[in-house]
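Now for the letters of each chain:
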Amino acid sequence: ARRLIVETRSLRRPALDGSLNASRHNSGFDISGAEATSTRSELSLSVSWELDIWRRLANLEESHAAATRSQAAELAYARDALAVRVIDAWIQIVTTRHAHSIEKERIEVLAQLEQTIERRYRLGLGSLEDLSAARASAELSRANLVAIEGQERKGLRSLELLAGKMPRTELLVSNGLPAIRTAKAGTPLS
């Protein structure tokens, strides 16, 4: 697009064209028997310049300049969109890891609760329904843990794709979110 602008600007300036033609002709033999040749050279120069009375060239240049600005804005948008997708994928991975650790702790607590309810049931202090509910809660939590691990792997694959790597879910992603500083009042956004 920038080259189009340069090319359009060049149309508004005078153009100089030149050519050099050389030719050699055999005209037979002269009196002494030597070959008679003649050489002819022509040099031609031409200057042309288009007056932009109707602003055709100026409008064309402005059109190319606007197209260049539009393409630059599209490129900036694409970069920003990619950055947002990378940040979003990274935050999803970190939050999934936090959910993973919480679910692991929950499984441990539910396992202890299940053991306590089972002891109470054996002593005749609890009901079979309480034991069944505790076991169901523990199994549901284990199923949630498997689903969370799948989400984490999916998030890692998507982050690797955004980074342009072959998805192997081997990226090193920190477990914590960064501290975000607030901008001072009056600071421009871009």
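Structure: above.
Numbering of residues begins from 1 in every chain and follows the order in which that chain's sequence is written. Only residues with pLDDT of 70 or above have their local features reported here, since the model is predicted, and side-chain atom pairs are shown and tallied only from 80 upward, although totals for entire chains, interfaces and linings are computed over all residues. Calculated side-chain values reflect all of the structure's heavy atoms, with hydrogen atoms and water omitted.

> For the overall build of the protein chain, give the residues involved together with the corresponding values.
Each helix corresponds to a stretch of at least 4 residues labelled H or I by DSSP, and each strand to a stretch of at least 2 residues labelled E; elements are numbered beginning at the N terminus. When helices and strands are tallied, the protein chain shows three helices and two strands. For the protein chain, buried positions account for 17% of its 190 residues. Considering only contacts within the protein chain whose residues lie at least 6 apart along the sequence, 58% involve residues at least 24 apart. Surface summary for the protein chain: the accessible area is close to 15300 Å², and the carbon and sulfur share equals 56%. Buried residues are those whose accessible area, probed at 1.4 Å on protein chains only, stays under 20% of the maximum for their type, while exposed residues exceed 50% and partly exposed ones sit between those limits. Whether two residues are in contact is decided by their heavy atoms, any of which lying within 4.5 Å being enough. Note that accessible areas follow from Shrake-Rupley with a 1.4 Å probe, and for residues the cover is restricted to the protein chains shown.

> Account for the pattern of salt bridges, naming residues and giving values.
We define a salt bridge as a side-chain nitrogen of Lys or Arg found within 4 Å of a carboxyl oxygen belonging to Asp or Glu. Counting across every chain of the model gives eight salt bridges. Its salt-bridge partner being Glu42, residue Arg40 comes within 3.1 Å of it at the nearest N-O pair. Note on Arg40: relative accessible area 51%, which makes it exposed. A salt bridge links Arg106 to Glu103; the shortest N-O distance between them is 4.0 Å. Of this pair, Arg106 and Glu103 are both found in helix α2 (residues 56–122), three residues apart, which corresponds to roughly one turn of the helix. Among the residues examined, Arg106 registers a relative accessible area of 45% and is labelled partly exposed. Residue classification places Glu103 among the buried positions, given a relative accessible area of 9%. Three or more residues joined by partner-sharing salt bridges are found here, namely Glu114, Glu118, Arg122 and Arg135.

> Give me the lowdown on unusual backbone geometry, citing residues and values where you can.
The residue Arg55 is not glycine, and still its phi comes out positive at about 60 degrees. Note on placement: Arg55 falls in the loop between β2 (35–48) and α2. On the basis of relative accessible area, Arg55 is assigned to the partly exposed category, the value being 41%.

> An account of helix α3 (residues 128–162) is requested, with residue identities and associated values reported.
The end-to-end C-alpha distance of α3, which contains 35 residues, comes to 51 Å, matching closely the 51 Å that a straight helix rising 1.5 Å per residue would cover. Among all positions in α3, only Leu131, Ala134, Ala138, Ser141, Leu145, Ile148, Glu152, Gly155, Leu156, Leu159, Glu160 and Leu162 are buried. On its buried face, α3 is in contact with α2. Just past α3, the residue Gly164 takes up positive phi, approximately 80 degrees. What a helix is expected to span follows from its residue count: subtract one and scale by 1.5 Å.

> So what's going on with a nonpolar patch on the surface? Residues and values would help.
Patch membership requires over 30% relative accessible area and the absence of a salt bridge. Like charges are linked within 9 Å, and nonpolar side chains (Val, Leu, Ile, Met, Phe, Trp, Tyr) within 5 Å. On the surface, Leu16, Leu20, Leu43, Leu45 and Val47 cluster together into a nonpolar patch covering about 620 Å² of accessible area. Secondary structure elements with two or more residues in the nonpolar patch: β1 (15–29) and β2. Counting residues per element, the nonpolar patch draws most heavily on β2, which supplies three residues. With respect to the helices, strands and loops of the structure, Leu16 is situated in strand β1.

> Now, about the environment of Thr96: what can you tell me, with residues and values included?
Tracing the backbone through its elements, the reader meets Thr96 in helix α2. Residues Thr96 and Gly150 lie 54 residues apart in sequence; the distance between their C-alpha atoms is 9.7 Å. Those residues within four positions of Thr96 in sequence are excluded, and the remaining contacts are Ile148, Gln151 and Glu152. Here a polar contact is recorded for every N or O atom pair within 3.5 Å, except that within protein the pair must consist of a potential hydrogen donor and a potential acceptor, and residues adjacent in sequence are included only if both atoms are side-chain atoms. Polar side-chain contacts of Thr96 include one of 2.6 Å to the backbone oxygen of Gln92.

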